[in-house]
Amino acid sequence: MRSSVPGMVIGLILVVCMLIVSPLYYVSIIEWAKAESEIMSDTSNLIDKVIDTRVLTDDMLADYNIAVAAKAIKYRTTIIRETKIVNPDPLNPGNTYTTYVLVDDLSTWEQGDIITITVEPIGESIYSRVSKSMLGLSVDSDGFTLSGRVR
């Protein structure tokens, strides 16, 4: 009878892991996939609006920030504007070369400007925290970057 006690303890631990922690991990994966998909869609929609209208208004930015804040996972977003600059080529007189320069003004955009939005997760969901603390399982995400050129 005494020899079965360690086996029963190990079996009980395995049952708890399979019935409690594993479903939490699967829920965290589903929640992460949903949040990533939604924020990618929101980011793509903002880029499309800027490309089409050539402006980034405070209302557009506020709507995007609200959409980002509504996700189960917290994200940090960075919006970058690069302006196309054509300079004379000092090595080849009569020729030019094109470069892109970062610009701080995000309100008005010109044709050829590039908008880049980088999204990085800065937190994790409660389900992911529980499964990570109990079994070391986590859903790691590096984020993503989307870009577009203003028409």
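See the structure printed just above.
The rules we used
Residues numbered from 1 in each chain as written. Predicted model: local features only at pLDDT ≥ 70, side-chain atom pairs only at ≥ 80, totals over all residues. Heavy atoms only, no water. Helix = DSSP H or I, 4+ residues; strand = E, 2+ residues; numbered from the N terminus. Rg over C-alpha atoms; globule rule 2.2 N^0.38 Å. Phe/Tyr/Trp six-rings, centres within 6.5 Å; stacked < 30°, edge-to-face > 60°. Lys NZ or Arg CZ within 6 Å of the ring centre and 35° of its normal. 1 Å grid on protein atoms, 1.4 Å probe; cavity = no way out; pocket = protein on both sides within 12 Å on 5 of 7 lines; lining within 4 Å. Points joined across faces, edges and corners; volume = space filled by probe spheres on them. Nonpolar A, V, L, I, M, F, W, Y, C, P; charged D, E, K, R; others polar. Expected span 1.5 Å × (residues − 1). Buried < 20%, exposed > 50% of the residue type's maximum accessible area, 1.4 Å probe, protein only. Arc of directions from axis to C-beta. Contact = heavy atoms within 4.5 Å. Salt bridge = Lys/Arg side-chain N within 4 Å of Asp/Glu carboxyl O. Axes fitted to C-alpha atoms, helices over the stretch in contact; angles between N-to-C directions. Parallel < 35°, antiparallel > 145°, perpendicular 65-115°, else oblique. Left-handed = near helix turned anticlockwise from the far one by under 90°. Pairing = 2+ DSSP bridges.

**Focus on the overall build of the protein chain**
The number of helices and strands found in the protein chain is 3 helices and 4 strands. Sequence-ordered secondary structure for the protein chain, helices as α and strands as β, is α-α-β-β-β-α-β. Over its C-alpha trace the protein chain gives a radius of gyration of 24 Å, far above what one expects of a compact globule, namely 15 Å for 151 residues. With the principal axes as the frame, the protein chain shows a C-alpha extent of 95 × 40 × 20 Å.

**Quick look at the packing of aromatic side chains**
Per the stated rule, a full pass over the model turns up 0 aromatic pairs. A cation over a ring is seen here: R81 above W109, with NZ or CZ 5.3 Å from the ring centre.

**What to know about the layout of surface pockets**
Of the volumes computed, that of the largest pocket is approximately 160 Å³. What lines the largest pocket is a set of 13 residues, among which W32, G123, E124, V139 and S141 lie closest to the centre. Those elements that place two or more of their residues in the lining of the largest pocket are α1 (4-53) and α3 (126-135). Among the residues forming the lining of the largest pocket, the class breakdown is 4 nonpolar, 6 polar and 3 charged.

**Structural notes on helix α2 (residues 58-69)**
Along its 12 residues, α2 runs 16 Å from first to last C-alpha, staying within 8% of the 16 Å computed at 1.5 Å per residue. Along α2, the residues classified as buried are M60, Y64, A67 and V68. The buried residues of α2 all sit within an arc of 100° when viewed along its axis, so they share a single face. Residues of α2 that are exposed and point more than 90 degrees away from the buried face comprise D58, D59 and I66. Packing partners of the buried residues in α2 comprise α1, β1 (75-88) and β3 (114-121).

**Examining the pattern of salt bridges**
Following the criterion strictly, the structure yields 6 salt bridges and no others. A salt bridge links D42 to K71; the shortest N-O distance between them is 3.0 Å. Residue D42 is found in helix α1, and its partner K71 is found in the loop between α2 and β1; the two are separated by 29 residues along the sequence. We classify D42 as partly exposed; its relative accessible area is 22%. Classification of K71 as buried rests on a relative accessible area of 9%. Ionic pairing is found between R81 and D105, a salt bridge with its closest N-O pair at 3.9 Å. Placement of R81 in strand β1 and of D105 in the loop between β2 (96-103) and β3 is noted, with a sequence separation of 24 residues between them. Using a relative accessible area of 35% as the deciding quantity, one classes D105 as partly exposed.

**Let's talk about the packing of α1 against α3**
α3 packs onto α1 with a crossing angle of 135° between their chain directions and a minimal axis gap of 8 Å. Of the possible angle classes, the one that applies to α1 and α3 is oblique. Seen along the crossing, α1 lies across α3 with a hand that is left-handed. Along its contact with α1, which presents C17, V21, L24, Y25, V27, S28 and E31, the element α3 presents Y127, S128, V130, S131, M134 and L135. Counted by class, the contact of α1 with α3 contains 9 nonpolar, 3 polar and 1 charged residues.

**Comments concerning the pairing of β1**
Taken together, the 8 bridges between β1 and β3 define a ladder with antiparallel strand orientation. Its bridge partner being in β3, E82 is matched across the sheet by I114. Sheet topology note: the β1/β2 ladder contains 8 bridges and is antiparallel. Residue pairing across strands places K84 opposite Y100, the latter belonging to β2.

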